[in-house]
Every structure is written in C-alpha cells, then in structure tokens.
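The primary structure of each chain is shown beneath.
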Amino acid sequence: MATAMFSAAAALTTAAVAARRYLSTHPPRPKRVPSTVVFGDEAMATGAKGALLRPTVTKTDPYAWLRDDKRKNPAIIAHLERENAYCATTLAPLQPLREALYAEFLSRTHESDVTFPTPFGGEFEYYQRTVKGTSYPIVCRVRGAAAIASARAAACATDEGVVVPEGEQVLIDVNDLARGHDFCDVSDWEPSPSHGKLAFSVDYSGYETYEIHVRDVATGRAVGEPLRDTTGSLVWGADDSELYYTTFDAAHRPHKVWRHVLGRPQAEDECLLTEDDERYWVSIRKSDDDRYLVAKAKSTVTAESALLRLGEAGAAFHVVQPRVDDMLYSVEPYGDRVLIVTNADASIDFKLCAAPLSAPGKDNWVDVLPHREGVKIDYVSVFETFWAVGGRAEGLSAIWTMAPQFPAAGAPPDMHLITPPEPVYRISMSSNYNYGAKTLRYSYSSPTTPNTLLEFDPATKASTQLKRVHVPGHDPSLYRCVRASATARDGRRVPISILFRPDAHGLRVPPDGALPPDDAPADAEAPGGLPTLLPKPSPLLLYGYGSYGASMDPSFQSTVISLVDRGIVYAIAHIRGGGEMGRAWYEREGKLLAKRNTFTDFVDCAEALLDAGWAEKGRLGIMGASAGGLLMGAVMNMRPELFSTVVARVPFTDVMSTMADRSIPLTVVELDEWGDPHTQEYYEYMNSYSPIDNVGPKPYPHTLVTAGLNDSRVAYWEPAKWVATLRDHTTSKAPILLKCEMGSGHFSASDRYRYLREQAFDYAFLCDSLGATALGGEAAPAARAKL
C-alpha cells in the first residue's frame with residue numbers, strides 16, 4: 001500500500017512539474033470573458049464637456065476581468081505569475097548577457113558616494129551618502145566649518161572606500177526603514193526651522209501613498225504617530241510646532257491641504273483647503289523667502305494659486321487670482337510684491353509679471369519679462385539680491401539670472417544666460433534653500449558628461465564646479481553626441497539627439513574629439529535632414545515620450561553607455577507633445593485633436609534615421625515608458641514592419657476604456673490631455689490611435705512589456721490586456737513578453753541594485769534582438785536567445 005501511495009504521489013509530482021514546464025514555455029492565454037463598455041452613456045460620462053456621442057457605441061473587452069483594484073484576486077495574481085514564468089523561461093539564455101550588463105553597470109557606479117552638502121539655513125549642511133553593498137541612501141548632516149569641509153571633501157572623493165565625514169550625524173538610514181519590505185521610497189525629507197526635528201515621507205508599496213514621520217533629531221525618537229494616507233508632500237510651518245501636508249480623494253487625486261500640530265492626533269488636524277473639481281490636483285510648497293505656504297490647484301490647462309502667511313495665528317489661504325479657464329499661472333512672493341509666471345494674454349510661452357501682494361489679482365499684473373514666442377519661461381526662483389529664471393530656448397533647457405527689477409525702474413531687465421560648454425545638454429536649478437545666498441546652485445549634464453553640480457555667481461558671471469558624479473572608467477572623449485533633425489510629413493523639423501561611440505563603428509577620434517572630414521561619408525546630408533556620420537548603418541535604439549509638454553532633455557545615463565559600447569546608436573526623438581520646442585509644440589501640435597502628430601513624428605524620425613544611414617534595416621529598436629508606452633503601441637500598429645524590437649515600460653495602452661472610466665486614478669484630470677471618448681468630438685479621433693483598439697493581424701516585432709502590480713498611474717491590467725490582445729492577433733513568430741513586478745509601482749524597484757538588474761534585463765533583450773551583444777559593436781550569435 002505504501003509503495004502504491006508513493007508511486008501515485010511521484011506520478012502527481014511528475015505531472016505537476018510537467019505542467020509547470022509547459023506553462024513556462026508556452027505563452028499564457030487568459031480566458032476571454034466578454035464585457036462591454038458603452039461610450040456616450042450619460043451615467044459614465046459625468047462632467048462631460050461637449051455633446052455626448054450619439055448614437056452610443058458599445059465595445060467588447062474580453063479581458064476586462066483582469067482588473068482588480070485591490071490587487072489580490074488569486075486568479076489574476078496566478079496569471080501574472082505565469083506571464084513572469086514564461087518571460088523568464090523565454091529569456092533564460094540571456095542570463096550571461098544580463099550578468100555582463102549588470103557587472104558593467106556596477107563598474108560605472110561609485111557605490112560608496114556622498115552628495116555635496118546643501119545648506120538649509122542656519123549652521124547645518126545636509127547630504128546623503130551610500131555605502132557599497134547597501135541598497136538605500138543614508139541622510140546625514142554636519143555642523144561647523146571643519147565638519148562641512150570634511151563632508152565636501154568626501155563628496156568629491158573618487159575612491160571606493162566608505163568615507164564618513166567628520167562630525168557626521170545620521171538622521172535617516174533608509175536601509176533600516178526598508179528592512180522587511182520589498183519596496184521603500186522616501187519621497188521627501190525636510191529639517192524643521194530650528195533643525196531640532198526631521199520630517200520624512202515613506203511609501204512601502206509603490207502605490208505612491210505615503211506615511212509622514214517626524215523624528216526628534218537629538219534622540220532619534222519618533223514625535224507622535226505617523227500621518228497616514230498622504231501624498232508624501234510636506235512643509236514645515238514658521239516653527240517646529242506645525243506641519244502641512246496633502247491627502248488624496250478616492251481617485252488618488254491630491255485634493256486637501258491640512259495643518260498638523262505636533263503632539264496632536266491626525267484626527268484633530270485642520271483642513272485648510274479642499275479642491276472639489278476633479279480636474280485639479282493640489283500641491284503645496286514653501287515660498288523661497290520662507291514667509292508663505294503656497295498652494296496650487298492645477299489642471300492641464302488651468303491653475304489657481306493661494307498664499308497662507310506662516311506664523312500668523314488663524315491664518316487662512318488667500319487666492320492670488322481666481323481661476324480662469326485656459327489660464328495657467330504660478331507665483332513667488334518677493335518683498336511687498338508677488339511675481340507671476342503666466343500664459344495670460346495669449347502668452348503661449350509664458351511671461352513674468354509682478355503685482356502688489358496687497359492686490360495680487362490679474363488686473364494689477366504688470367509685465368516684467370514680456371512674452372517672446374520661442375523663449376519659454378517655466379519658473380522663477382527668488383533670492384534676496386537676484387532672481388533666477390528657468391525655461392527653454394532653441395529647443396534646450398536654460399537658466400537666466402537677473403537683478404530684481406520692476407517695470408517702474410525704467411530700463412529693461414539685464415538678463416544673463418548661463419551657457420553650458422557643450423551643444424547638447426540638460427541644465428536645471430539644484431537645491432537652493434537659502435534666501436540670502438549670493439550664488440545659485442545648478443546641475444548640468446550631457447549624454448557624455450555625468451551630472452555636475454555648479455555654483456554660479458551673478459556678480460562675476462562665473463561658475464564654479466562643486467561636484468561631478470564620479471563614473472569609474474568613463475572616458476567622455478570616446479563618445480560623441482550630435483543634434484540633428486528629421487522632416488516630418490507636414491514639413492515640421494523634429495529634433496533628434498544622437499549618441500554614439502565612433503570607434504565602435506570604425507571611425508578614428510583625434511584627441512580633440514572631432515571626427516576628421518575623411519572619416520565622414522561623402523553623403524553629408526540625408527533626405528530626412530540628418531547628417532550621416534557613420535560609414536555604414538548600425539543597430540539603433542530610438543527613445544520617445546511626447547506627452548504632457550514634458551521635455552526629454554539629453555542627459556548622462558551610465559546604463560546607456562553599455563548599449564553604445566556595443567555599437568548601438570542611441571537616439572532621442574523630441575517629438576510633438578513634448579515641450580522641447582516650447583509650449584506650442586505641446587499645446588497646439590501634440591495633444592487632444594493634434595495627438596496623432598506625436599506618433600507620426602516618431603515614425604518619421606525612425607524613417608529618417610534609416611534613410612540617413614544611422615540605422616540598419618531590421619536592427620531598429622524603440623523604447624518608451626508610460627505615455628511613451630502609448631507611443632510604442634500606436635507606432636507598432638501604424639508600422640509594425642519598421643521596428644525589429646520594442647520595449648514598452650508600464651505602457652498606457654487602453655486609452656478608450658481608461659478615459660471612459662471616471663473611477664480610475666488620473667482619468668478626469670487627463671480629459672484635457674487626451675479628450676473624452678464619451679463625446680462626439682473626440683470618440684473617433686481617440687479610437688483611431690488607442691493601441692489596444694487598433695491591434696490587428698499584423699507582423700508585430702519582438703516585444704517586451706513591463707508592468708508594476710502596485711502602479712497607481714498606469715494600472716497593471718493595461719499592459720496585461722494589451723499583451724494578451726497582441727498575442728491573439730500577431731502574424732509573426734516574434735515573442736511578445738510581459739514582465740510584471742509584483743512588489744513595486746510605476747517607477748520600478750526602489751532598491752538601487754535591483755533597479756540596475758531590471759535595467760540589465762531590458763537591455764539584454766534589446767541587445768539580443770538587435771544582434772549587438774558583444775562589446776565593440778560585434779554580434780555574438782551563439783549567445784543569442786532563440787527568439
């Protein structure tokens with residue numbers, strides 16, 4: 001009997017192993033359970049602007065059952081785990097390549113590093129440091145000239161030893177917070193005005209819902225209970241007695257501002273502001289001069305700001321200018337005035353105005369920097385003796401400084417543009433917390449130059465380097481980045497940033513880094529408007545985003561170097577829908593009923609790179625994330641044969657169903673970005689590009705799709721449904737893979753080593769699919785997965 005039972009158990013075990021092996025080697029096929037979505041339905045179209053769709057239109061969604069807002073349904077979890085198993089099995093042959101890439105990433109990481117100390121007012125300077133082998137940063141501070149000098153020297157050290165600055169005080173060791181958690185993100189931390197306490201916010205799921213903790217710095221003990229279910233944003237009051245924060249509504253929209261008195265329970269906190277309009281998100285910050293709490297309610301097209309005077313008993317918010325449809329503005333108090341950056345009066349690229357603090361409404365706005373189309377103003381940061389203005393010019397980020405000057409002073413303001421040393425770059429203001437500072441800290445980076453912190457003196461117009469991130473083994477002179485453009489089908493010129501390593505393509509590079517004329521091909525200008533610098537076409541990865549007016553400025557990415565070292569050309573298409581060429585690039589030409597420009601621009605850039613000889617046919621890969629994942633889905637439907645491989649990270653692909661459902665986070669907020677599919681005006685147009693709704697019998701390329709189970713921005717079910725739909729219809733044998741992170745959200749892993757492993761996973765897939773697995777630009781076919 002025992003032998004028979006053992007034999008039966010062994011048979012069952014063998015069968016189970018065989019079943020698991022089968023499931024891991026065959027694409028998962030989720031069941032089809034037809035569900036309907038009705039477009040134009042009054043019950044679903046609450047708050048619709050414009051005529052509803054008539055007659056209503058019904059769509060069938062066979063995979064709607066994959067949605068579980070609580071992320072706990074056993075059948076769905078099992079399906080996602082099967083997807084992960086299939087992905088892992090299919091790409092198992094790439095494990096050696098993944099390990100090689102990961103080792104390269106680590107070799108270019110200064111694992112034990114210190115950020116340059118930042119003054120927060122008073123006698124302390126704050127910084128973060130990392131220790132080799134630990135996954136998260138440590139937040140610290142120092143006080144006194146000798147200790148600050150020690151910390152600054154540690155920040156500039158390039159050896160791999162663990163350097164502990166003299167007199168260091170550890171405030172938060174995030175490694176301790178993360179213990180026992182798969183995910184740990186400290187979103188914000190801020191010392192109190194007396195520097196006696198520290199507040200910080202932490203998320204343990206990736207869903208971007210945070211707890212706010214307060215610690216007594218002297219004892220390290222918690223002050224009161226954590227503030228729960230917050231957005232993570234926090235601002236101290238005028239002293240250590242109170243803290244301000246924001247919370248979400250049911251749709252995960254920041255909509256309330258609260259005042260918390262330390263020592264009291266959260267239930268007694270005072271709500272100071274509630275935004276009931278679901279199109280608006282609320283944010284808070286402290287003014288540059290520390291006098292005011294600034295609250296901003298903003299949709300994609302309209303904004304309203306309010307000020308609360310800190311330190312005044314019973315203070316309440318006072319609106320600067322009541323919201324006006326399609327008018328955006330932000331504010332910064334300065335003395336008895338308030339500065340306003342706004343698109344009012346048809347200022348598409350914004351202008352800088354000023355008004356009395358006592359009467360700050362629009363009727364009293366006077367231009368300080370008048371509108372100039374093509375020169376975009378994004379923000380103004382004020383100091384006691386100078387202002388810094390951030391924006392864009394000629395397609396690149398920019399920072400200007402100027403003396404405080406109002407129109408009544410007479411002469412036009414004298415603005416100085418901080419000029420980086422390279423033609424392709426990203427520049428942005430860094431941490432500037434001292435209103436009385438005489439210098440401005442800013443960050444600079446390029447595709448070949450690691451992130452560099454500098455300090456600019458408006459009096460001398462000189463910049464001093466404080467720290468450049470040490471990238472072991474990196475030699476910038478081996479790489480070249482060029483800025484070119486492609487001609488879109490409607491005649492618009494679309495910028496492209498291109499990074500490559502000349503010697504990986506057989507080109508000589510002299511000491512000055514310039515390519516000699518005899519190494520350039522004779523055909524110096526291609527039909528698409530791109531200079532041809534390579535002797536023959538190469539594997540190329542084209543990255544794109546193109547939404548929300550966000551600019552994909554070219555900057556240093558140490559992981560991309562591993563691609564370029566393998567002879568892959570890396571390009572960024574600065575397509576419409578982004579903000580690279582000013583607000584009109586987005587507002588007029590890349591959203592709502594002009595959204596298809598985003599996709600056709602990307603296709604036109606890809607074709608131009610092929611025509612110019614940058615990219616080799618059959619070895620053109622593309623990558624995008626979030627709304628850039630929507631871009632991937634749209635162009636795959638338009639031109640599946642154009643691309644050999646696709647990586648779509650957390651892709652927003654179910655545009656129609658998501659934008660029809662007001663209960664999903666972000667939907668109502670983004671109606672002004674994409675349109676409302678319940679309306680006559682937008683239904684057909686949105687339906688013409690929605691990725692999942694345009695999948696058909698086409699030869700889709702090698703595709704890797706990623707998702708995060710706890711993603712609150714693009715829910716996991718969108719990529720899961722899209723992958724299932726692609727598999728239902730593709731006519732090619734190229735694999736379509738889904739990798740779902742079961743313990744993180746929209747921004748992938750919080751653990752820095754795990755994050756690099758996830759990057760290595762994606763890049764190994766790319767290198768293999770593009771036939772560029774070996775360093776130096778040669779393919780290594782024997783190592784390739786059988787895809």
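Our subject in this report is the structure included herewith. (Residues numbered from 1 in each chain as written. Predicted model: local features only at pLDDT ≥ 70, side-chain atom pairs only at ≥ 80, totals over all residues. Heavy atoms only, no water.)

## Describing the nonpolar core
Next up, step 1: Grouped together as the largest cluster of nonpolar side chains are 84 residues, with contacts concentrated most on Ile498, Leu540, Leu542, Phe602, Leu609 and Trp614.
Next up, step 2: With nine residues, helix H8 (residues 596–612) is the single largest residue contributor to this core.
Next up, step 3: Tyr543, Ala625, Leu756 and Phe761 belong to the second-largest nonpolar core, a separate cluster that totals 40 residues. (Core = buried A, V, L, I, M, F, W, Y, C linked by side-chain atoms within 4.5 Å. Buried < 20%, exposed > 50% of the residue type's maximum accessible area, 1.4 Å probe, protein only. Helix = DSSP H or I, 4+ residues; strand = E, 2+ residues; numbered from the N terminus.)

## Regarding the environment of Trp189
Next up, step 1: The topology assignment puts Trp189 in strand S8 (residues 185–191).
Next up, step 2: When the C-alpha atoms of Trp189 and His213 are compared, they prove to be 9.4 Å apart, with 24 residues separating the residues in sequence.
Next up, step 3: For Trp189, the contacting residues outside a window of four places in its chain are Phe120, Tyr126, Gln128, Val139, Ile172, Leu198, Ala199 and Phe200.
Next up, step 4: In this structure the side chain of Trp189 is engaged in a polar contact, spanning 3.1 Å, whose partner is the side chain of Gln128. (Contact = heavy atoms within 4.5 Å. Polar contact = N/O pair within 3.5 Å; in protein donor to acceptor, adjacent residues only side chain to side chain.)

## Digging into empty space enclosed by the protein
Next up, step 1: Under the criterion given, the structure shown has four cavities of 30 Å³ or more.
Next up, step 2: When its volume is computed, the largest cavity comes out at roughly 80 Å³.
Next up, step 3: Together, Pro447, Ser497, Leu499, Pro554, Ser555, Phe556, Gln557, Val560, Ile561, Tyr570 and Ile572 line the largest cavity.
Next up, step 4: At the level of elements, strand S32 (493–500), helix H6 (558–564) and strand S34 (569–573) are the ones that each hand at least two residues to the lining of the largest cavity. (1 Å grid on protein atoms, 1.4 Å probe; cavity = no way out; pocket = protein on both sides within 12 Å on 5 of 7 lines; lining within 4 Å. Points joined across faces, edges and corners; volume = space filled by probe spheres on them.)

## Points about the pairing of strand S17 (residues 303–309)
Next up, step 1: Among the seven residues in S17, six count as buried, and that is most of the element.
Next up, step 2: Sheet analysis places strand S16 (residues 292–298) next to S17, joined by seven bridges and oriented antiparallel. Note on S17: the bridge partner recorded for Lys296 is Ser305.
Next up, step 3: Hairpin connection, S16 to S17: the antiparallel pair is bridged by four residues. (Pairing = 2+ DSSP bridges.)

## So, the packing of aromatic side chains
Next up, step 1: Applying the stated criterion across every chain, the model contains 21 aromatic pairs.
Next up, step 2: With 6.5 Å between their ring centres and 15° between their planes, Tyr245 and Trp258 make a pair best called stacked. With Tyr245 in strand S12 (residues 242–248) and Trp258 in strand S13 (residues 254–261), this residue pair connects regions lying 13 residues apart in the sequence.
Next up, step 3: Look at Tyr245 and you get buried, because its relative accessible area is 1%.
Next up, step 4: Seen in terms of ring centroids, Tyr685 and Tyr689 are 6.0 Å apart; in terms of plane orientation they differ by 80°. Their pairing is edge-to-face.
Next up, step 5: Ring pairing ties together the aromatic residues Phe120, Phe124, Tyr126, Trp189 and Tyr433, which thus form one cluster. (Phe/Tyr/Trp six-rings, centres within 6.5 Å; stacked < 30°, edge-to-face > 60°.)

## Side note on the environment of Thr115
Next up, step 1: For Thr115, the position within the fold is in the loop between strand S3 (113–114) and strand S4 (118–119).
Next up, step 2: A residue is classified by how much of its surface remains accessible, and Thr115, at 36% relative accessible area, is partly exposed.
Next up, step 3: Distance in space between the C-alpha atoms of Thr115 and Gly436 is 22 Å, their sequence separation being 321 residues.
Next up, step 4: Setting aside chain neighbours within four positions, we find Thr115 in contact with Tyr127, Gln128, Ala155 and Lys467.

## As for the packing of H8 against helix H9 (residues 627–638)
Next up, step 1: The geometry of H8 relative to H9 is characterised by a closest axis approach of 10 Å and an angle of 65° between their N-to-C directions. Taken together, H8 and H9 sit at an angle that is classed as roughly perpendicular. As H8 runs across H9, the sense of the crossing is right-handed. Residue-level contacts link Arg596, Thr598, Phe599, Thr600, Phe602 and Val603 of H8 to Leu630, Leu631, Met632, Ala634, Val635 and Met638 of H9. (Axes fitted to C-alpha atoms, helices over the stretch in contact; angles between N-to-C directions. Parallel < 35°, antiparallel > 145°, perpendicular 65-115°, else oblique. Left-handed = near helix turned anticlockwise from the far one by under 90°.)

## Concerning the packing of helix H3 (residues 95–107) against helix H14 (residues 752–769)
In a packed pair of helices, the relevant descriptors are the angle between the two axes and the axis-to-axis distance.
Next up, step 1: Contact geometry of H3 with H14 gives a least axis separation of 8 Å together with a crossing angle of 130°. Considered as vectors, H3 and H14 are oriented oblique to each other. Crossing handedness for the pair H3 and H14: right-handed. For the pair H3 and H14, the contacting residues are Leu97, Arg98, Glu99, Leu101, Tyr102, Phe105 and Leu106 in the first and Tyr753, Leu756, Arg757, Gln759, Ala760, Phe761, Tyr763, Ala764, Cys767 and Asp768 in the second.
Next up, step 2: Residue composition of the contact of H3 with H14, by class: twelve nonpolar, one polar and four charged. (Nonpolar A, V, L, I, M, F, W, Y, C, P; charged D, E, K, R; others polar.)

## Here we look at unusual backbone geometry
Next up, step 1: Of note, the amide linkage connecting Arg54 to Pro55 takes the cis form, showing an omega dihedral of -5°.
Next up, step 2: One can find Pro55 in the loop between strand S1 (35–39) and strand S2 (57–61).
Next up, step 3: Despite not being glycine, Phe350 shows a phi value in the positive range, around 75°.
Next up, step 4: With respect to the helices and strands, Phe350 occurs in the loop between strand S20 (337–342) and strand S21 (351–356).

## Some words on the pairing of strand S5 (residues 124–130)
Next up, step 1: Within S5, six of the seven residues are buried, which leaves it mostly tucked inside the rest of the structure.
Next up, step 2: In this structure, S3 lies alongside S5, joined through two bridges in antiparallel fashion. By the bridge assignment for S5, Asp113 is matched with Thr130.
Next up, step 3: The sheet contact formed by S4 and S5 spans two bridges and is antiparallel. Paired with Thr118 across the two strands is Tyr126, which belongs to S5.
Next up, step 4: Hairpin connection from S4 to S5: four residues lie between these consecutive antiparallel strands, with Gly121 at a positive phi of about 85°.
Next up, step 5: In this sheet, strand S6 (residues 138–143) lies alongside S5 in antiparallel orientation, the contact comprising six bridges. The residue bridging Arg129 from the neighbouring strand is Ile138, located in S6.

## Some points on the sheet that holds strand S30 (residues 462–468)
Next up, step 1: One open sheet accounts for four strands, arranged S27-S28-S29-S30; its pairing is antiparallel. Of all strands in the sheet, those bounded by a partner on one side alone are strand S27 (426–429) and S30. Each neighbouring strand pair of the sheet contributes to a mean axis angle of 30°, computed without reference to strand direction.

## Remarks on the state of the cysteines
Next up, step 1: Tallied over the full model, the rule gives zero disulfides.
Next up, step 2: Cys184 supplies the cysteine sulfur nearest to Cys140, a cysteine that is in no disulfide, at a spacing of 16 Å.
Next up, step 3: Owing to a relative accessible area of 0%, Cys140 belongs among the buried residues under this scheme. (Disulfide = S-S within 2.5 Å.)

## What about the sheet that holds strand S35 (residues 615–625)?
Next up, step 1: Across the sheet, which stays open at both edges, the eight strands sit in the order S31-S32-S34-S33-S35-S36-S37-S38 with mixed pairing between neighbours. Every interior strand has two partners, whereas the edge strands, strand S31 (480–487) and strand S38 (736–741), have only one. The mean inter-strand angle of the sheet, taken between neighbouring strand axes irrespective of direction, is 20°.
Next up, step 2: Strands strand S36 (645–649), strand S37 (702–708) and S38 of the sheet are contacted by helix H13 (residues 717–729), whose axis makes an angle of about 165° with S38.

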